[in-house]
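Below, each chain spelled out in residue letters.
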Amino acid sequence: MGKSMNHWRRLVLLPVLAVALALGACRDSGEGDYLAVAGKLFVFNYRIAQATYHLTLTKVRKVPGDAMLETTFENPAGGEPFIVRQNVWPAAEKISVDSPPVKCVKADRGYKVTIRLRDAGGKLLQTIDRTMISDTDESVLPNRPLVIGPFYDPNPDKDKPDSNAVACPA
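Let me begin by describing the structure that accompanies this report. (Residues numbered from 1 in each chain as written. Predicted model: local features only at pLDDT ≥ 70, side-chain atom pairs only at ≥ 80, totals over all residues. Heavy atoms only, no water.)

## Concerning the environment of Ile95
If you trace the backbone, Ile95 turns up in strand S5 (residues 94-98). For Ile95, a relative accessible area of 6% gives the class buried. The spatial distance from the C-alpha of Ile95 to the C-alpha of Val37 is 9.5 Å, given a sequence separation of 58 residues. Apart from residues no more than four positions distant in its own chain, Ile95 is found in contact with Leu35, Leu55, Thr56, Leu57, Lys59, Leu69, Gln86 and Val88. (Helix = DSSP H or I, 4+ residues; strand = E, 2+ residues; numbered from the N terminus. Buried < 20%, exposed > 50% of the residue type's maximum accessible area, 1.4 Å probe, protein only. Contact = heavy atoms within 4.5 Å.)

Here's what the structure looks like:
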């Protein structure tokens, strides 16, 4: 009976040890990335004739309180990049980051995006560099918004020439 009892202990003890080791490995070691990119795309809103960058980030581990996210988007029209700063809320598991409206997005061209996570004192905690590529060209958008106002009223100027047109780089 002694041999079969030892065999039984091994059969029970080995899976229990494996589970304990796996759970121990899941604990936050206090090192590594805080955030990961879960999704990235260009949003072409045909109704308002506007294109924007959109990123979704997920928390990989607990982000320090009062952390700040600074995202730099390449300007497809050339010139200075767009910088968006926002707080990271502790309770939110996902973070959405949108650029201001952009012009001159070309299909199959890479645009640089840099995400910096900083603590409350400004110390850099993580940097994420990505290249975003649209499969759609901005030419799909109308020259002017089709609707205006909070009730999506038809835009009476939608067929007029666009005096704010931007000369896009080649």
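## A word on the sheet that holds strand S1 (residues 35-45)
In space, the 3 strands of this open sheet follow the order S1-S2-S5, with antiparallel pairing throughout. In the strand order of this sheet, the two ends are held by S1 and S5, each with one partner. The mean angle between the axes of side-by-side strands here comes to 20 degrees, regardless of whether they run parallel or antiparallel. By the bridge criterion, 5 bridges tie strand S2 (residues 50-59) to S5 in an arrangement that is antiparallel. Residue Thr56 lies in a different strand from S5, and its bridge partner there is Ser96. (Pairing = 2+ DSSP bridges. Axes fitted to C-alpha atoms, helices over the stretch in contact; angles between N-to-C directions.)

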